[in-house]
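# Fold and contact review
Now for the letters of each chain:
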Amino acid sequence: GEIFTGKIIRFSPGLQSDSRTAVVEAEIANEDGRLMPSMYCRVIVDFGLKENALVVPLAAVIENIQGGEENGGRNTAKVYVVEAGKAKSLDVTLGWKQDEVVEILDGMAGGAKVVVEGQASLHDGAEVKIVGNGGAGGSAAEEKKNKTP
């Protein structure tokens, strides 16, 4: 296939639930007429660079099955953090997912130690033993430049 570059000028606010597709209108140079109306394509959208995004490892996130419409359209989840050696659950609002990290929009601060294994057996106040690097290697919430998908 060929690669064309363009600009999104209008898009449907939701996805089709059965196909996970959306209607998008884009402006693309087409001087030679190779693009025809109603053609389908695969699109990669560059959302740019988001500086100081708060991200956690995807493994730290317990997704909320009841998100979406029942939750005002917000994508919420639970994350366990460790404070004074004990587990504490936080309800967080998720942003962009990229590779093995997810952006946290609301519900926690940067620098928190997040649990990335064993969340299923945790509850608020449970004693937590930190093993391994205890913060190095992505187990702490990080604020960093993050190129969104």
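Residues numbered from 1 in each chain as written. Predicted model: local features only at pLDDT ≥ 70, side-chain atom pairs only at ≥ 80, totals over all residues. Heavy atoms only, no water.

Moving on, we get to the overall build of the protein chain. Helix and strand content of the protein chain: zero helices and nine strands. When the elements of the protein chain are put in sequence order from the N terminus, they spell out β-β-β-β-β-β-β-β-β. For the protein chain, the proportion of its 149 residues judged to be buried stands at 24%. Long-range contacts, defined here as pairs at least 24 residues apart, represent 59% of the contacts in the protein chain between residues at least 6 apart. When the accessible surface of the protein chain is summed, it comes to about 10900 Å², and 51% of that surface belongs to carbon and sulfur atoms. (Helix = DSSP H or I, 4+ residues; strand = E, 2+ residues; numbered from the N terminus. Buried < 20%, exposed > 50% of the residue type's maximum accessible area, 1.4 Å probe, protein only. Contact = heavy atoms within 4.5 Å. Areas by Shrake-Rupley, 256 points an atom, 1.4 Å probe, with all protein chains shown as cover.)

The next subject is the nonpolar core. Nonpolar side chains tend toward joint burial in soluble globular proteins. Formed by 15 residues in total, the largest nonpolar core has its most connected members in Val92 and Met108. Sorting the residues of this core by element identifies strand 3 (49-57), strand 5 (76-83), strand 6 (86-98) and strand 7 (101-106) as the ones contributing at least two each. Among the nonpolar cores identified, the runner-up in size contains six residues, and Tyr80, Val82, Val115 and Ala126 belong to it. (Core = buried A, V, L, I, M, F, W, Y, C linked by side-chain atoms within 4.5 Å.)

Generally, phi is negative for residues other than glycine and the peptide bonds are trans, each holding for most cases. Despite not being glycine, Asn52 has its phi angle at roughly 60 degrees, a positive value. Examined against the element boundaries, Asn52 turns out to sit in strand 3. Residue classification places Asn52 among the exposed positions, given a relative accessible area of 55%. Even without a glycine there, the phi angle at Ala84 is positive, about 55 degrees. For Ala84, the location among the structural elements is in the loop between strand 5 and strand 6. Given a relative accessible area of 84%, Ala84 falls into the exposed group.

Moving on, we come to the side chain of Gln119. By the element assignment, Gln119 lies in the loop between strand 8 (113-114) and strand 9 (142-147). In this structure Gln119 touches Ala59, Ala60, Val61, Ile62 and Tyr80, once residues within four positions along its chain are discounted.

Under the defined criterion, the tally for this structure stands at seven salt bridges. For the salt bridge of Arg34 with Asp32, the shortest nitrogen-to-oxygen distance reads 2.6 Å. Two residues, Glu83 and Lys88, come together in a salt bridge whose shortest N-O distance is 3.9 Å. If you follow the salt bridges from partner to partner, you end up with Glu2, Asp32 and Arg34 in one network. (Salt bridge = Lys/Arg side-chain N within 4 Å of Asp/Glu carboxyl O.)

To continue, consider a nonpolar patch on the surface. On the surface, a nonpolar cluster with roughly 300 Å² of combined accessible area is contributed by Ile8, Phe11 and Val24. Here Phe11 lies in strand 1 (residues 6-11). (Patch = residues over 30% accessible without salt bridge, like charges linked within 9 Å, V, L, I, M, F, W, Y side chains within 5 Å.)

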